[in-house]
Amino acid sequence: MSKVIIIGAGGVANVVAKKCAQNDSVFTEVLIATRTVAKADKIVAEIKEHMPDSRAVFTTATVDADNVPELVKLINDFGPKMVINVALPYQDLTIMDACLETGVHYLDTANYEPKDVAKFEYSWQWAYQDRFKEKGLMALLGCGFDPGATQAFTAHHAKHHFQEIHYLDIVDCNNGNHGKAFATNFNPEINIREITANGRYYENGEWVETQPLEISQDIYYPKVATRKSFVLYHEELESLVKHFPTIKRARFWMTFGEAYIKHLNVLEGIGMTSIEPIDFRGMKVAPIEFLKAVLPAPESLAAGYSGQTCIGVQAKGIGKDGQPKVHFVYNVKDHADCYREVQAQGVSYTTGVPAMIGAMLMLNGNWMQPGVWNVEQLDPDPFFDAMNKWGLPINELTDIELVKD
Ligand code: NDP
């Protein structure tokens, strides 16, 4: 029986809103507030059309989430228990500030990133720990799939399978086809910034930096395919090695097709991925923002998307019985199924469902506790139950090493 505000109305917000509509005993009133309100109106119209039996009441509003006073007014007017932030990482801190000022809980799916520096880390948001604790409020950071479910998978490894995790490999395969020459599956600006940055992984207490896409190997993704996968830096590595100090090496792998890499190389080579603004006809424009305006919106890829995603976590170490062990926890999701269910592609779906689940586990008290938390710090069991129930069934494989040293 809770009122929530969803901020943002992109690909991920569409899924969060529709999963809240399905889960209407928890989410009774939902306000979708965003910059371009027509996008929120479209989501609500689709809910009315495709989910006429939902008892959840949806409304929409315009908000500039970079502006704290605007957010404070929006929150005070609506009176929610929590805010689900699925706008962009640039807005994390302003929304956290507004939550503190108005006394509501907070959840997001990506860690804070300043707009003018291609850098993301948890330090900015971890610095809110005392303020959230003092106010008796909870902030749950990075509760999408990766980050998010991947940390719950790691917590599950630690709780149910391992005395000590030594080697952790997070693997993310999108074996789908959207039929476009080049497009990104979530916000293009954030996606391209992530991939064109140097790679980084953790080994023996240190971060090892690589060139972008320098390290690769063929990885078998169960039920999906064997795909060339590349090491890149991903934010959950930072919190996982902090919270599981027995980890000796932690890496994140993602698949990219040849055509994708070729397009990216060309765009980078001619400066189109730069975040440095240039003068264009009297205006300051960052090339990557212009590129975003040219590329297909992630949500527009949904219709006709075929194939599957497979995201999982392989852990190696000492099992509960004291013997060496390797274990893999993963989910496979079909793009077309996502479209049929909530008019979304798989990448938005696999992010939006864990966000709804995280919010539910906060609101129903399972996870609720004051302070700033990463997903691996919370009990993975209710999260696993909810993933199985709400569309992202979890599979496990033991004693098969999918990612090699
Ligand atoms: P989109 O670009 O599709 O949507 C972002 C939405 O935020 C848009 O509706 C946009 O408005 C809105 N927005 C942007 N700036 C503001 C602002 N200042 N005020 C109000 N609204 C604003 O992105 P996605 O839906 O693909 O991604 C959403 C989030 O999810 C991102 O933070 C992304 O990094 C994260 N993500 C996390 C994943 C995970 O597994 N953890 C995986 C994929 C994404 P407008 O429509 O006007 O542009």
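These numbers come from a predicted model, not from an experiment.

Points about the domain arrangement of the chain
Each assigned domain of the chain is listed here: domain 1 (2-141) and domain 2 (149-342 + 394-398). Distance from the C-alpha centre of domain 1 to the C-alpha centre of domain 2: 24 Å. The partner domain 2 presents 16 residues to the 26 residues of domain 1 that form the contact. Contact between domain 1 and domain 2 buries roughly 1800 Å² in total, counting both sides, with carbon and sulfur atoms accounting for 51%. Remark: the boundary between domain 1 and domain 2 carries four salt bridges. Broken down by secondary-structure element, the contributors of at least two residues to the side of domain 1 that touches domain 2 are helix H1 (11-22) and helix H5 (123-126). Ranked by the residues each element gives to the side of domain 1 that touches domain 2, the list is headed by H1, at six residues.

Concerning the site of the ligand
In the vicinity of the ligand there are 29 residues, among which Arg35, Thr36, Lys39, Ala65 and Asn187 approach most closely. Separating an oxygen atom of the ligand from a backbone N or O atom of Gly11 is a distance of 3.2 Å. Taken by itself the ligand offers 930 Å² of open surface, and the protein chains cover 95% of this. Of the residues belonging to the shell around the ligand, the class tally is 13 nonpolar, ten polar and six charged. Taken domain by domain, the makeup of the shell around the ligand includes at least three residues from each of domain 1 (2-141) and domain 2 (149-342 + 394-398).

Things to note about the environment of Glu46
Within the secondary structure, Glu46 sits in helix H2 (residues 37-50). A sequence separation of 202 residues divides Glu46 from Lys248, and the C-alpha atoms of the two residues are 47 Å apart. Apart from residues lying up to four places away in sequence, Glu46 is in contact with Asn14, Lys18, Met51 and Gln343.

Some details on the pairing of strand E7 (residues 162-177)
Where E7 and strand E15 (residues 306-319) come together, 14 bridges link them in antiparallel fashion. Looking across to E15, one finds that Glu164 is bridged to Ile318. Note: E7 against strand E12 (residues 249-255), six bridges, orientation parallel. Bridge pairing in E12 places Ile170 opposite Phe252.

Cut-offs used in this document
- Residues numbered from 1 in each chain as written.
- Predicted model: local features only at pLDDT ≥ 70, side-chain atom pairs only at ≥ 80, totals over all residues.
- Heavy atoms only, no water.
- Domains from an automatic or database assignment.
- Contact = heavy atoms within 4.5 Å.
- Buried area = accessible area lost by both parts, 1.4 Å probe.
- Salt bridge = Lys/Arg side-chain N within 4 Å of Asp/Glu carboxyl O.
- Helix = DSSP H or I, 4+ residues; strand = E, 2+ residues; numbered from the N terminus.
- Near = heavy atom within 4 Å.
- Polar contact = N/O pair within 3.5 Å; in protein donor to acceptor, adjacent residues only side chain to side chain.
- Areas by Shrake-Rupley, 256 points an atom, 1.4 Å probe, with all protein chains shown as cover.
- Nonpolar A, V, L, I, M, F, W, Y, C, P; charged D, E, K, R; others polar.
- Pairing = 2+ DSSP bridges.

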